[in-house]
Amino acid sequence: MNRFKASKLRHTEARLPRREAWIGGLRASSVASCGNQVKASCQWVAFSAEPTGVLGIVPLEGKDGGRRTVSQLCCHSDVVTDFDFSPFDQLLLATGSADETVKVWRLPESGQDLPSSAGLTLGPGGGPVDVLQFHPTADGVLASGAGKRVTVWDVGQQQPLAALESHGDQLQSLAWKRDGRLLGTSCKDKKLRIFDPRASPAASQSVPGHENNKDSRLLWMGASDCLISVGFSQMREREVKLWDTRKFSSATFTLTLDTSPGAMIPLFDADTGLLVLGGKGENLLYCFEVVPAQPTLTQVTQCLTEGRTRGLAAVPRLALDVMACEVLRVLQLTDAFLVPVSYIVPRKSVQEFHEDLFPDCAGVLPATDAQAWWAGNSQQVGKVSLHPARRPTQTFRSPVIAPAAPSTQLPDDGPADSDRSEGSGYSSPSGSLASPSSAATSLSASTGPSSGFVSSPSQKSLQSILGPSSRFRHAQGVVLHRDTHITNLRGLSLTTPGESDGFCANHQRVALPLLSAGSQIAVLELSKPGRLPDTAVPTIQNGTAVADLCWDPFDPRRLAVAGEDAKIRLWRVPEGGLQDTLREPEAVLQGHTEKIYSIRFHPVAADLLVSSSYDMTVRIWELGGGQEVLCLQGHTDQIFSLAWSPDGRQLATASKDGRLRLYEPRRSPQPQQEGPGPEGGRGARLVWVCGGDFLLVSGFDSRSERRILLYQAQALPDGPLSVLGLDVAPSTLLPFYDEDTSVVFLTGKGDTRVFLYEVTPEPPYFLECNSFTSSDPHKGFVFLRKTACDVREVEFARALRLGQGALEPVAFRVPRVKEYFQDDIFPPTRVWWEPSLSAGAWLAGADGQQRRADLRPPDMTPVSQAPKEQPARKFVPAAVYLGEKTDEQKKEELLSAMVARLGNRDDPLPQDSFEGVDEAEWD
């Protein structure tokens with residue numbers, strides 16, 4: 001801002017409405033993408049919803065201040081990565097997806113029936129669509145970015161106008177200049193590029209942008225030659241840069257914000273010069289005033305919100321409440337709400353229109369169409385006043401998609417001329433703004449699968465539309481009291497491989513690898529919480545680096561440790577815990593020729609252990625004799641994970657070669673089935689779910705996004721039944737499945753969040769529950785057996801969280817009445833800590849079944865047997881019982897008495913009956 005003149009926006013305030021004004025009943029998507037996750041027109045708001053390929057649609061304004069119904073738009077067969085509303089036709093929505101297509105939809109007028117399919121489809125292209133944006137001056141022009149390429153489309157003809165030169169790496173953002181002449185892009189190769197699509201497919205200018213290749217964004221400052229970019233520095237600091245294309249060699253101004261890891265979403269209003277920045281996963285919104293002539297960025301205000309940001313969108317200026325001096329409105333998308341944040345300039349008079357705050361803005365009539373713009377027409381969009389009395393009432397309907405049905409709400413400015421050309425409707429505001437009928441018949445139908453809105457007047461929220469919800473959706477993770485913690489942990493090892501959980505625990509003790517000479521392992525008793533002494537504690541001297549470790553589920557004193565020397569050592573902890581350093585193992589298993597990945601005990605038979613190694617084999621050991629009994633073959637690359645089926649008959653593995661394999665070890669050393677696994681080669685985990693009928697696999701996709709996949713165990717070649725993307729993070733998700741509740745817990749080493757999903761054998765397969773979030777990253781997360789849970793507190797899972805220097809118990813509870821035993825949550829649990837047969841019996845072909853135990857305390861009544869409550873009586877005022885009169889009755893009686901006292905107006909007055917004095921007496 002000018003140093004000699006104060007800005008009129010310097011006192012701008014960010015105001016959050018009361019919760020009643022929030023848009024609730026929604027479930028925002030957690031899938032990471034380059035888009036803003038939410039966009040708004042003057043009539044509708046679209047946001048990324050939880051199911052794959054779905055957008056939530058909600059009116060911008062409620063009818064008569066009432067609640068707004070959230071509907072569901074089933075757009076694509078894969079993740080919706082970005083979407084945009086037309087700046088002219090407020091009902092036209094374009095969506096891009098990882099299924100490589102762009103679809104264009106015409107949303108209905110409020111209260112009308114919803115369409116069942118997209119108006120048209122563009123593509124498929126050469127890869128997943130990452131970003132897209134409509135042209136700011138020409139109707140029917142759309143730019144989309146997929147992979148390393150940008151395509152400019154003529155939407156009406158469903159043909160590309162230009163394919164711009166390939167970028168050096170993944171495209172991260174694109175933005176049209178406000179006059180529509182130039183297009184700017186930011187890319188993962190750390191460069192900013194300027195294109196003139198009508199002149200050349202090659203970039204006219206290119207410059208190094210931000211030094212870190214993490215998510216960057218680029219915006220034009222209106223129709224000026226200046227740009228704004230946000231990204232990360234080489235030191236991972238978030239920064240904002242201003243650029244001038246007339247001297248594009250370096251930034252004209254740089255502002256470093258902070259070191260937060262969340263990618264920033266920038267929103268810029270060219271009419272006021274306000275820039276709003278919000279980081280994904282954060283609850284702080286920055287607001288700056290941008291003065292490109294100086295150039296400077298001056299902070300105006302900050303806004304601390306209640307929820308964490310999933311996405312941000314700016315409401316069009318034509319939808320602002322100008323009489324309340326609202327200069328900008330931002331919609332914040334959180335996990336469960338859309339929160340409108342109004343930026344208001346305080347003025348003494350709010351009953352008059354302030355011309356200085358609200359200059360004329362771009363109208364809704366396009367300056368040209370796609371073919372005219374491509375031919376060189378650079379006419380600009382006409383401006384309109386924001387004054388309520390002078391604001392235009394026309395609406396524009398783009399001819400690229402005809403309305404699904406004739407609209408009775410469109411203005412009738414005269415008879416439509418069916419013989420005029422499509423371009424004639426853009427230059428004359430007095431003409432009809434409805435789409436020419438001839439344009440509708442020239443469009444071809446969508447080539448994609450049939451999809452569209454699914455809603456009805458009876459639907460109250462997006463959650464009701466999405467189907468069933470989990471009974472554990474309100475589950476709460478609680479860190480137990482500090483008295484139960486084990487603190488002052490020192491020298492913990494951070495070098496355990498990704499295939500290992502990092503540490504292991506049973507109901508009595510925990511084993512923690514230490515970063516010390518001799519590859520020591522600390523064994524701590526859970527019955528002795530508190531602060532550990534500063535002096536060294538007794539340990540197990542393993543002698544070689546620990547690759548994985550695991551407690552015997554049937555013997556709480558036996559610990560199996562896999563080493564990088566291709567040996568497995570079995571250690572026996574003395575009764576009561578370690579008192580002295582343990583140097584000699586009980587047994588050593590040798591057979592592998594390379595480093596071991598992971599080890600797992602058999603779930604049913606005693607003295608059986610399975611291991612996987614770099615030698616591409618899976619070996620099964622009989623611990624009684626200390627020898628190898630089976631060797632499984634068939635892997636061609638690193639084995640990420642292995643898991644026994646609950647009955648112990650089958651063994652599943654996930655490999656770096658992108659394949660899942662299912663073995664029946666007693667029948668054949670070769671896999672019985674193979675199927676496609678996660679695409680990424682960074683790691684994977686698997687676990688059996690739903691009684692052993694399904695396999696849940698956690699892994700990465702080709703873009704390093706963490707996701708979970710559900711397979712039918714007996715149909716691996718058919719591929720996954722469902723795929724759910726979670727977030728982008730470097731660590732592999734470690735799954736734990738609670739078979740009593742069918743809830744799967746997912747977190748990674750170094751994460752602060754634990755995802756909870758109820759897994760069902762029928763669609764939608766994954767029902768989201770509340771997540772647990774810790775204040776600092778955890779190095780490991782291990783669950784205990786069911787008997788550790790306090791069922792009186794409705795605790796259905798208990799875990800141990802390994803933090804920076806402490807081991808903390810975490811209880812997962814369901815908020816319910818605790819008077820009764822919740823037998824629907826606590827069915828008889830399988831006693832998996834007792835074997836059902838010996839190793840020899842299993843190897844001979846026998847199968848065992850473990851018994852089940854009732855978790856109900858003797859003094860608690862099951863909720864299924866609880867007496868039914870009497871229906872609550874309706875409230876009746878106490879006056880009815882006490883015989884007192886209500887205030888209304890008293891008021892009526894008082895009025896009646898007053899009227900009675902006044903009497904009839906025609907009655908004689910009292911003085912009329914008095915006898916007067918004779919006239920003669922006055923003399």
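Calculation criteria
- Residues numbered from 1 in each chain as written.
- Predicted model: local features only at pLDDT ≥ 70, side-chain atom pairs only at ≥ 80, totals over all residues.
- Heavy atoms only, no water.
- Helix = DSSP H or I, 4+ residues; strand = E, 2+ residues; numbered from the N terminus.
- Buried < 20%, exposed > 50% of the residue type's maximum accessible area, 1.4 Å probe, protein only.
- Contact = heavy atoms within 4.5 Å.
- Areas by Shrake-Rupley, 256 points an atom, 1.4 Å probe, with all protein chains shown as cover.
- Pairing = 2+ DSSP bridges.
- Axes fitted to C-alpha atoms, helices over the stretch in contact; angles between N-to-C directions.
- Phe/Tyr/Trp six-rings, centres within 6.5 Å; stacked < 30°, edge-to-face > 60°.
- Salt bridge = Lys/Arg side-chain N within 4 Å of Asp/Glu carboxyl O.

**Notes on the overall build of the chain**
Part 1: For the chain, the helix and strand inventory stands at 6 helices and 66 strands.
Part 2: Here the chain holds 923 residues, and 52% of them are scored as buried.
Part 3: Long-range contacts, defined as pairs at least 24 residues apart, comprise 54% of the intrachain contacts of the chain with a sequence gap of at least 6.
Part 4: Counting every atom, the chain has about 41,400 Å² of accessible surface; 49% of that belongs to carbon and sulfur.

**Points about the pairing of strand β57 (residues 734-738)**
Part 1: Across the 5 residues that make up β57, a large majority, 4, are buried.
Part 2: Where β57 lies against strand β58 (residues 743-747), 5 bridges are found, and the strand directions are antiparallel. By the bridge assignment for β58, L734 is matched with T747.
Part 3: Hairpin connection from β57 to β58: 4 residues lie between these consecutive antiparallel strands, with S742 at a positive phi of about 65°.

**A short note on the environment of G780**
Part 1: Structurally, G780 can be placed in strand β62 (residues 780-783).
Part 2: Expressed as a C-alpha distance, the spacing of G780 and G502, which sit 278 residues apart in the sequence, is 5.8 Å.
Part 3: Once you skip the residues sitting within four places of it in the chain, G780 turns out to touch D501, F503, L800, R801 and L802.

**Details of unusual backbone geometry**
Part 1: Of note, the bond from P763 into P764 is cis; its omega dihedral lies within 30 degrees of zero at 10°.
Part 2: Among the secondary structure elements, P764 is positioned in the loop between β59 (753-759) and β60 (766-768).
Part 3: Backbone geometry at R236 places phi at a positive 65°, although glycine is not the residue there.
Part 4: Relative to the assigned elements, R236 resides in the loop between β20 (226-232) and β21 (238-244).
Part 5: Judged by relative accessible area, which is 62%, R236 ranks as exposed.

**Examining the sheet that holds strand β47 (residues 618-622)**
Part 1: The antiparallel open sheet is built from 4 strands, whose spatial order is β45-β46-β47-β48. Both edges of this open sheet fall to β45 (596-601) and β48 (627-632), since each of them pairs with a single strand only. The sheet shows a mean angle of 25° between the axes of neighbouring strands, direction not considered.

**Some points on the pairing of strand β37 (residues 509-513)**
Part 1: In terms of burial, β37 is a largely internal element, 5 of the 5 residues being buried.
Part 2: Burial along β37 is two-sided: the residues R509, A511 and P513 and V510 and L512 are all buried.
Part 3: Remark: 3 residues form the turn of the hairpin made by strand β36 (residues 504-505) and β37, two consecutive strands paired antiparallel.
Part 4: Count of turn residues in the β37/strand β38 (residues 520-525) antiparallel hairpin: 6 residues, of which G518 carries a positive phi of about 85°.

**Some points on the packing of aromatic side chains**
Part 1: Counted according to the given criterion, the structure contains 22 aromatic pairs.
Part 2: Summarising the aromatic geometry, the rings of Y597 and Y614 are spaced 4.4 Å apart at their centres and angled 40° between planes, so their arrangement reads as tilted. Taken together, the residues span a long stretch of sequence, with Y597 in strand β45 and Y614 in the loop between β46 (608-613) and β47 at a distance of 17 residues.
Part 3: Here Y597 falls in the buried class, since its relative accessible area comes to 2%.
Part 4: Here the aromatic rings of F781 and F783 are separated by 5.7 Å at their centres, their planes lie at 55°, and the arrangement is tilted. We note that F781, like F783, is buried.
Part 5: Each residue in the set F472, F736, F745, F772, F781, F783, F796 and F812 is aromatic and connected to the rest through ring pairs, giving one cluster.

**Some words on the sheet that holds β37**
Hydrogen bonds between backbone groups are what pair the strands of a sheet, and the pairing can be parallel or antiparallel.
Part 1: Pairing is antiparallel across the open sheet formed by 4 strands, whose spatial order is β36-β37-β38-β40. Either end of the sheet is taken by a strand with one partner, and the two such strands are β36 and β40 (539-541).
Part 2: In this structure, β36 lies alongside β37, joined through 2 bridges in antiparallel fashion. Within β37, the residue paired with A505 across the bridge is V510.

**Some remarks on the environment of L746**
Part 1: Take L746: it is sitting in strand β58.
Part 2: The class for L746 is buried, based on a relative accessible area of 0%.
Part 3: Separated by 48 residues in the primary sequence, L746 and S698 place their C-alpha atoms 8.6 Å from one another.
Part 4: Contact partners of L746, with chain neighbours within four places excluded, come to L696, S698, I708, L726, L733, L734, P735, R753, V754, F755 and Y757.

**Thoughts on the pattern of salt bridges**
Part 1: In the structure shown here, the tally under the stated rule is 60 salt bridges.
Part 2: For D271, the salt bridge identified is with R317, shortest N-O distance 3.3 Å. Here D271, found in the loop between β23 (264-269) and β24 (274-279), pairs with R317, found in the loop between β27 (311-314) and β28 (326-333); they are 46 residues apart in sequence, far enough to count as distant.
Part 3: Looking at R317, the relative accessible area reads 9%, which means it is buried.
Part 4: With a closest N to O distance of 2.8 Å, D776 and R801 form a salt bridge. Of this pair, D776 sits in the loop between β61 (772-773) and β62 while R801 sits in strand β63 (residues 795-802), and the two are 25 residues apart along the sequence.
Part 5: Here R801 falls in the buried class, since its relative accessible area comes to 1%.

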